[in-house]
Amino acid sequence: MKCKSAVTLGAVLITACAATIPAQAFTPERAVEVMVHSGPGAGNDIFARGVVGVLDKLKIVPQNMQVVNKTGGGGLVAMSYLSEKKADTHLIAVFTSVWWVNPMIRKEGKVTMRDLTPIARLVLEPSVMAVRADSPYKNAKEFFAAAKKNPGKLKQSGGSISGRDNTTRALLQKAAGAEWQFISMKSGGERIAALLGGHVDMMIMEPSEALEQIRAGKVRVIATLMEKRLSSVPDVPTIKEQGYNVPEVPQARGFVGPPAMPADVKTYWEGIFGKMHKSKEWQDYVKMNHYEDGFLTGAGLRKFSEEYEQTMRGILKDAGIKLVR
Amino acid sequence: MEMLSGLAHGFAIALEPMNLLWCFVGVFFGTIVGILPGLGPSATVALLLPMAMQMNPTGGLIMLAGIYYGAKYGGSTTAILLNVPGESASVVTCLDGFEMARKGRAGPALGIAAISSFVAGSVGVVLLMLVAPPIAEFALRFGPPEYFALMAMGLSMVVLLAGKSMIKALLSMLVGLWLATIGIDLFTDGARFTFEQIELMDGVNFVIVAIGTFAIGEVLANMSVQSSGQTFTVPKGLRNLMPNWQDLKDCRFAFLNGSIVGFFVGVLPGAGSTIASFVSYGLEKAVSRHPEKFGTGVVEGVAAPEGANNSETGGSLVPLLTLGIPGSATTAILLAAFILWGLKPGPLLIQDNPEMFWGLVASMYIGNVILLILNLPLVPVLAQILRLPGYVLYPVILGVSIVGVYSVDQRLFDVWLVGGFGLLGFLMRRLDYPAAPLLLGLVLGDLMENAMRQSLMMSNGDISILYSRPLAATMLLLTAVLLAGPLFRQVNSWRLKASEQEV
């Protein structure tokens, strides 16, 4: 009780201060928690630590930023934790595409992106179609032709069936009128090892997963699955250039706050990420990891969030995945 | 020649004062993290990643790698002293390690764990240096059918982990295999046995089951039979707290076995150190002249899995450094560190950055020596913990277990879960069911099921894919031999009995 009244008093004081000195905007007063929905070492976690590293270098956040891992349920645990921390001012989280997809396909996921406060989208992850360097397929067309000739014989290694690589596969199969197997494997390491070992014929991946394999002449990219060609593999034509009308399946990463995050806190983080986005350190980081710059805040981000949900809903439905919400 | 000059250059780099300091910092933190159950090397490496980013790549890598292999040294400590596996790979160490402690030989057990870690850890580095590129190419020949055969071989170890009753061991293993199915199915994305609990969607964490059935089960079993008083004996005199010459002689083969098995299992991206420790323990028991003594506190039973666990580090660095493929959570973070430093992990890494590769290799030799020097003097000190009377020691074990479990994901749910598995462990002890086969089933079940389903998808349902590829066929044959061993012995004993009756 005492505690609560102290908090209330504090809140009153802060409000009073805010009322009298409007220029006094929000700055963090203690360590900020940066929540990640996967364990240490996963792509997400590394992304969060990378962002924290860049912010540390720039010295624009006056307090420490601690990465905390709330794993479980492919993001659902993190999402429900965030929704419990309504209006918390010292907690932000990394979102990825599963934050939209998982609540749509899992009954357990009761929190959706609409309940939370998206702050900024930072990067987009491109994707490509790759084969082993000694494979006979030089472009997407040859791969599709072979798949048509031997229905269900060619194999693609990938992650879970609700992941981007399988939804993309569904779209490609439809556009090409061909069919091939999708073999789920748990880790990215296993997937690429299966490709390099010749156990599967093709993989849909982020170019960063294989750039070094490409440089060493072990992997060949046969199509870019984005609207535009990628700077990391500029010679590879997009799937549209190759004559297949396959929409891009976007994958985004950025930051989101708890429900009802106070406006001044949201503005503060928008400012911080805006500053970071302009820095050379960040641009280098994006380039080094072969992301595409996807900086977006405010109304643009809201629009993206709504459209993205719709797009993914359509793609998942087309891919034959059951939706619960 | 090129290798020698490379190594000489590497030592020159690793012996630079700053790099030596980072190596020490890494192995020191690693040891501490290893001793604390729950918090594993991957979490610690991730924690120190931002700090490493501010350092030069070689120094940073030396430190991060130091944490990785340092943590593996420490993992055996709580396993031997408290029956609490510090990490998943130390589960097997509990089997004989804790029994040794019970017999007043905690000191020699800890000592042999450190020595075996040192020997195998060093051999792992030697192998990393000598055979990395060719062995990486070989590892790529492991596709799903080969993994299936490997897991089948691992699972057949159950005949070696069985106590008096084979039926009970098999039942225990089946429970483990069932536990492995809990969670989201990789292939259909359907939930199995999760009861709409988010906490169960990723399956049951191995460490929770291990700590529950081993540590908590043990404490409950002891509390139910003993009222109070001294539970362990700790002999006086330093000599009794260190492994003696006979111990070392008994472990000759275990050192070799652990080194080789650990390294080769480590090279495979889909396996891991837990499997390495189980396989080397099984192998040790299979070739032993006194297999019946395993599980009662034989020193080889500690040396083999601990060695394998440490040699695995060298192995798991092979796909990372030669192909840019991470085989475990920890190597995945190292991969991220490479990228953040602007290095390009992949087939050309060693060629492009020889100073970094050789610096790392040399630092791992040095780090292993530091770890031995750091760990051996701790042995007599740590062994004193067992002087505590039961009414102090058991609460300590329970506390360490619960904190350890909670530290993994910070979820209260896991604490309830570990309590449940504690009860299961207690009942299993009471009814004389061995717990090790359950854990074996749990660790292998998921991998084996995935490998089988992947294989069948590859062949469009033709089961011959599992045994028609030469590598897979060889491993399945070995499995058959392993399984036939006890059967043969059984038949033989019946035959002997029959012939005695005839006379």
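Residues numbered from 1 in each chain as written. Chains lettered and ligands numbered in written order. Predicted model: local features only at pLDDT ≥ 70, side-chain atom pairs only at ≥ 80, totals over all residues.

Draft legend 1. The overall build of chain B, seen in detail. The secondary structure content of chain B amounts to 23 helices and two strands. Expected size for 503 residues packed as a compact globule is a radius of gyration near 23 Å; at 23 Å, chain B falls within 12% of this value. Per-residue burial over chain B gives 58% buried out of 503 residues. Expressed as a percentage of contacts within chain B between residues at least 6 apart in sequence, the contacts between residues at least 24 apart total 80%. (Helix = DSSP H or I, 4+ residues; strand = E, 2+ residues; numbered from the N terminus. Rg over C-alpha atoms; globule rule 2.2 N^0.38 Å. Buried ≥ 20, exposed ≤ 12 C-beta atoms within 10 Å, placed from the backbone. Contact = placed C-beta atoms within 7 Å.)

Draft legend 2. Quick look at the domain arrangement of chain A. Residues and elements named next belong to chain A. Domain annotation for chain A reports domain 1 (22-125 + 251-318) and domain 2 (135-224). Computed from C-alpha atoms alone, the centre-to-centre distance between domain 1 and domain 2 is 30 Å. The interface is formed by 10 residues belonging to domain 1 together with nine residues belonging to domain 2. At the level of secondary structure, the elements contributing two or more residues to the side of domain 1 that touches domain 2 comprise helix 4 (98-105) and helix 11 (298-318). If you tally residues by element for the side of domain 1 that touches domain 2, the top one is helix 11, at three residues. (Domains from an automatic or database assignment.)

Draft legend 3. Up close: unusual backbone geometry. Notably, K59(A) is not glycine yet its phi reads approximately 55°, a positive angle. For K59(A), the position within the fold is in the loop between helix 2 (43-58) and strand 2 (65-69). By the C-beta count within 10 Å, which is 7 here, K59(A) ends up exposed. Even without being glycine, D432(B) reaches a positive phi, approximately 70°.

Draft legend 4. Geometry of the nonpolar core. All names here are of chain B. If you look at the biggest cluster of nonpolar residues, it comprises 259 residues, and the most contacted ones within it are A337 and L440. Ranked by residue count, the leading element in this core is helix 6 (residues 106-139), at 17 residues. Apart from residues no more than four positions distant in its own chain, L440 is found in contact with L155, M157, V158, L161, M173, G176 and F278. (Core = buried A, V, L, I, M, F, W, Y, C linked by C-beta atoms within 7 Å.)

Draft legend 5. Structural detail: the pairing of strand 5 (residues 128-132) of chain A. All names here are of chain A. Buried residues dominate strand 5, accounting for four of its five residues. Note that strand 5 and strand 8 (residues 202-205) share three bridges and pair antiparallel. Looking across to strand 8, one finds that V128 is bridged to M205. Both strand 5 and strand 9 (residues 219-224) contribute to a ladder of five bridges, which runs antiparallel. Within strand 9, the position partnered with R132 by the bridge is V219. (Pairing = 2+ DSSP bridges.)

Draft legend 6. Geometry of the interface of chain B and chain A. Each side of the interface is counted separately: chain B has 46 residues, and chain A has 43 residues. Broken down by element, the side of chain B that touches chain A gets its largest block of residues, seven residues, from helix 15 (residues 329-341) of chain B. Looking at the side of chain B that touches chain A residue by residue, the classes come out as 27 nonpolar, 12 polar and seven charged. (Nonpolar A, V, L, I, M, F, W, Y, C, P; charged D, E, K, R; others polar.)

Draft legend 7. Structural detail: the sheet that holds strand 9 of chain A. All names here are of chain A. Ordered by their spatial adjacency, five strands build an open sheet running 7-6-8-5-9, and the pairing between neighbours is mixed. Edge strands, defined here as strands with exactly one partner in the open sheet, are strand 7 (181-184) and strand 9. The average angle at which neighbouring strand axes cross in this sheet is 30°, direction not considered. (Axes fitted to C-alpha atoms, helices over the stretch in contact; angles between N-to-C directions.)

Draft legend 8. The confidence of the model for chain B, seen in detail. Residue and element names in this part refer to chain B. Summary statistics for chain B give a mean pLDDT of 88 and a share of 98% for residues scoring 70 or more. Ranking the helices and strands of chain B by mean pLDDT puts helix 20 (residues 412-430) first, with 94, and helix 3 (residues 41-53) last, with 80. Both confidence scores are given for the complex: pTM 0.85, ipTM 0.85. (pLDDT = per-residue confidence, 0-100.)

Draft legend 9. Looking closely at the sheet that holds strand 4 (residues 117-124) of chain A. Residues and elements named next belong to chain A. An order of 2-1-3-10-4-11 is seen for the six strands of this open sheet, with the pairing classed as mixed. At either end of the open sheet lies a strand with only one pairing partner, and these are strand 2 and strand 11 (292-297). Across the sheet, the axes of successive neighbouring strands diverge by a mean angle of 25°, strand direction being ignored. Sheet contacts for helix 9 (residues 263-278): strand 3 (91-95), strand 4, strand 10 (252-257) and strand 11; angle to strand 4, the most-contacted strand, approximately 15°.

Draft legend 10. Quick look at the environment of M104(A). All names here are of chain A. Within the secondary structure layout, M104 lies in helix 4. With 19 C-beta atoms packed within 10 Å, M104 lands in the partly exposed category. C-alpha separation for the pair M104 and E209, spaced 105 residues apart in sequence, amounts to 28 Å. Discounting chain neighbours no more than four positions away, the residues touching M104 are R313, L316, L323, V324 and R325.

Draft legend 11. Focus on the packing of helix 12 (residues 252-267) of chain B against helix 14 (residues 300-323) of chain B. All names here are of chain B. The contact between helix 12 and helix 14 brings their axes to 6 Å, and the two run at 35°. Between helix 12 and helix 14 the crossing geometry is right-handed. Tallied by class, residues from the contact of helix 12 with helix 14 come to 13 nonpolar, 13 polar and three charged. (Left-handed = near helix turned anticlockwise from the far one by under 90°.)

Draft legend 12. Here's a closer look at helix 10 (residues 206-225) of chain B. All names here are of chain B. The first and last C-alpha atoms of helix 10 sit 28 Å apart over 20 residues, in line with the 28 Å expected at 1.5 Å per residue. Along helix 10, the sharpest kink reaches roughly 30°, centred on G217. For helix 10, the tally of buried residues reaches 14 of 20 residues, placing the bulk of the element in the interior. (Expected span 1.5 Å × (residues − 1). Bend = angle between axes of the 7 residues up to and from the residue.)

Draft legend 13. Just the packing of helix 6 of chain B against helix 14 of chain B, in detail. All names here are of chain B. Where helix 6 meets helix 14, the closest approach of the two axes is 6 Å, and the angle between their N-to-C directions is 30°. Considered as vectors, helix 6 and helix 14 are oriented roughly parallel to each other. Where helix 6 crosses over helix 14, the two elements pack in a sense that is right-handed. Taken together, the residues of the contact of helix 6 with helix 14 break down into 22 nonpolar, 11 polar and one charged. (Parallel < 35°, antiparallel > 145°, perpendicular 65-115°, else oblique.)

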